[in-house]
Every structure is written in C-alpha cells, then in structure tokens.
Amino acid sequence: MINPDFQRMMARAALQTRRADLAGATRTIQQALSGVTHAAADDQDGDVIDVEARVINDTQEGIETTVKTRPGEAPRPGPAADVREDAREDTREGRFLAATFTRASISINYKLYVPPGDAAEPRPLLLMLHGCKQDPDDFAAGTRMNEVARRHGWLVLYPEQSAAMNPQCCWSWFKSSHQQRGRGEPALLAALTRHVMETHAVDARQVHVAGLSAGGAMATVMGQVYPELFAAVGVHSGLPFAVAANATEALARMRSGPGAREIHPGVKPVRAVPTIVFHGTRDMTVHPLNGERVYVDAVAGVAGSERIENGREGGRPYTRRSYFDANGQSQAELWLVEGAGHAWSGGDQAGSHADWQGPDAAGQMICFFSAHPLAADRPVDRSPA
C-alpha cells in the first residue's frame, strides 16, 4: 500500500507544478522520495515547540524587499509591486506571488494571493498564519482560502516561518517576548502587512488575521497588540492570548486547556476583539477548551447575549455559539465541530492538517470578517509600532 503521506506530498507537488513553482515541486518530490514528509497526518503537530527564538526588536528603521523571479534567476531588490507573475500563470484564477520582505536585517519569505480584477480598486486583505511544519503553499492548499478569496475579491498574505527561527517552523506565540507590540514576530508580521498595504490597493478598514494551530495562537496575539491594524481575528485549533510564557507552559496548555486566566508580566490584559473560532471536539493536539477561552476573551467586558444553534455540514455535526452586543452586532462566533481532530474544517486534503468534512471554515471566516470592518472608535495602543 502506498504511504498516505507520500500520496499527499505528491499531490502537493502537482499543485506546485500547476502554479509554476517548479523549484518547490522538485523540493517536495525529493522530500517524498526520501521519506521526509512535510507534516505527517498522524503527527498532528505533536509537541513541535522550539525553546529558543530570535527577538526582533522594533528599534531599527529601514525596509527592503527582495523579489523572487523565475526559477534560475537571482533575487533582485525592489518593491513588492514589481513582483513578476510567471507567464504560464492563469490570471483568471488570480496570481500567487512569491517575495521576501526584510526589516531591521530580519527577512521573511511570503506569498501573496492577488485575485483577478481591477488591481487599482482597494480590496480586503487577510493575513494567514500557517501551523507548525507547514508553508504557504501547503497552507493555502489545505484551507482552500485562495478559492474563497477569489470569489470575494480578497488579497491573502501568507508569511512563512523559517526553520532558522524555529526548527519546526512554528510561530513563537508561547514566548512573552513575542506577545508584545513592537517586538519579536508580531512587529515583523505587522510591518509586512503594512508593506503589502503600501504596495497594493488595500481597504484599510478590512484588514484581518487568521491562523491554524500555532498560527491561530499568533493570530490572537496580532489582534491584541495591533488593534488599529487588524479589524477581526480568525482562530482555528489555536490557543488564547498570553496563556504561556515558555515551551513548558505551552505544552501544558495545549494538552489540558488554558486553566485560570493569567497574564504574564509585561503583557497587557486581553481586550475584546471581533473573533471567529473553529475547533474540533476530538482535537488531541490542542485541547478544545482553548478554543472556548479564545471565544470568552473575545467578548470580555461586552454586554450582550448569546445564541446557540446546532447543525450539520459536510458530514459533521457542529455547535455554533454566537455572541451579540447590546446593539445586536455580532462580536464573536465559536464553531465546535463534532468528531473533528486537529485539522482545518472544510479543507482540502491536498494540504496537511485539512479535514474535508465539516463546515467551511474559510468561507465562514471571510463572511465574518466582511461584517466586521475596523471600528473608528477601536482603542489603539500608542506604544511603538
């Protein structure tokens, strides 16, 4: 019998080939043949948490972008707007551009999905943060977010965590130095987001952030420390803001849930941010209580009422909790997907950690985000950006 991980890797290579990413396809095939799978289906991220990560201080100025060109060409400096699409790329499906962003001597690779249509018309932007042992191509394939974005005319930004920063390519959500404004990975991700906003036509009132697993946990950080930038947050199989300050605490929270709310020194208390949460009830990697805490944090201090509904979509039953403020405006949603594990609900198994059954998380997130533009009266942290 063919190894299912090998099949998934070859499917991913085929997807990269269709997108004219020949170098990526070659790398994926080599990994498949050598038995090095990108994210084994039975691994479910495991305990992939690094114990050290570089802190990116927000004190140095200067932004430089290196644009990746066609295979075989050397990178060249220039603004992201100069990224060239491959001539073989089907622009009817949109463009999936690759580039490198550098800030204060720290570089980060990323891919940007640009939907078809008038590039001069401001469009919403979604920052998508992958899980451990994933990359932008894998994450985009598994979540089907580009398909949804094409239908709705959204830009989607996929930063790639490097193995140099974390051997398992996890975002450092569990370190207090990466839970603060103006420091660490949040500062780099915010700078990258602003860079895309400056080089593409983006509706500044419709900039959002979402992620899976470690990416979902980092999404809660971004929503908390950059409230003037991100209007709403999407968290799939992730963890609440600042429930851990080191790897040991992170593993405990992942296995057992967040416990009593404790904010570590130097980290500000949670603020209510419009948030949509998805979590499988049989997630053995990140305990479902974490998803429930994310939902509770999202409505902290907001007077209102809750509505609960039960349904079934794609073969899986779900419970959907929705919280509305005193004016009847939706503030948060929690989708508990019955029987689902640590995987993106309604995803495509061409990518890792994706469950084709269950509600369409990508579609529901875009719907939720569309209804939550940045509020003019959103409290803003005036500390360094």
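All values reported here derive from a predicted model rather than from experimental measurement. (Residues numbered from 1 in each chain as written. Predicted model: local features only at pLDDT ≥ 70, side-chain atom pairs only at ≥ 80, totals over all residues. Heavy atoms only, no water.)

K.L.:
Explain the overall build of the protein chain to me, please; I cannot follow it from the model alone.
P.N.:
Along the backbone of the protein chain there are nine helices and 14 strands. Residue burial in the protein chain is summarised as follows: out of 385 residues, 57% are buried. Within the protein chain, contacts between residues separated by at least 24 positions form 68% of all contacts whose residues are at least 6 apart in sequence. Of the roughly 15700 Å² that the protein chain leaves accessible, carbon and sulfur atoms contribute 50%. (Helix = DSSP H or I, 4+ residues; strand = E, 2+ residues; numbered from the N terminus. Buried < 20%, exposed > 50% of the residue type's maximum accessible area, 1.4 Å probe, protein only. Contact = heavy atoms within 4.5 Å. Areas by Shrake-Rupley, 256 points an atom, 1.4 Å probe, with all protein chains shown as cover.)

K.L.:
Which parts of the structure should I look at to understand the pattern of salt bridges?
P.N.:
When the charged atoms of two side chains lie near each other, side chains of opposite charge can form a pair. Summed over the entire model, instances satisfying the criterion amount to 10 salt bridges. Between Arg194 and Glu228 there is a salt bridge whose closest N-O contact spans 2.8 Å. One end of the pair, Arg194, is in helix H5 (residues 184-199); the other, Glu228, is in the loop between helix H6 (214-225) and strand E8 (233-236), with 34 residues separating them in the sequence. Residue classification places Arg194 among the partly exposed positions, given a relative accessible area of 26%. Note that Asp355 is salt-bridged to Arg316, the shortest N-O span being 2.7 Å. Of the two residues, Asp355 is situated in strand E14 (residues 354-355) and Arg316 in strand E11 (residues 316-325); the sequence distance between them amounts to 39 residues. Note on Asp355: relative accessible area 10%, which makes it buried. (Salt bridge = Lys/Arg side-chain N within 4 Å of Asp/Glu carboxyl O.)

So, to be careful, I would describe these as geometric facts and stop short of saying anything about function.
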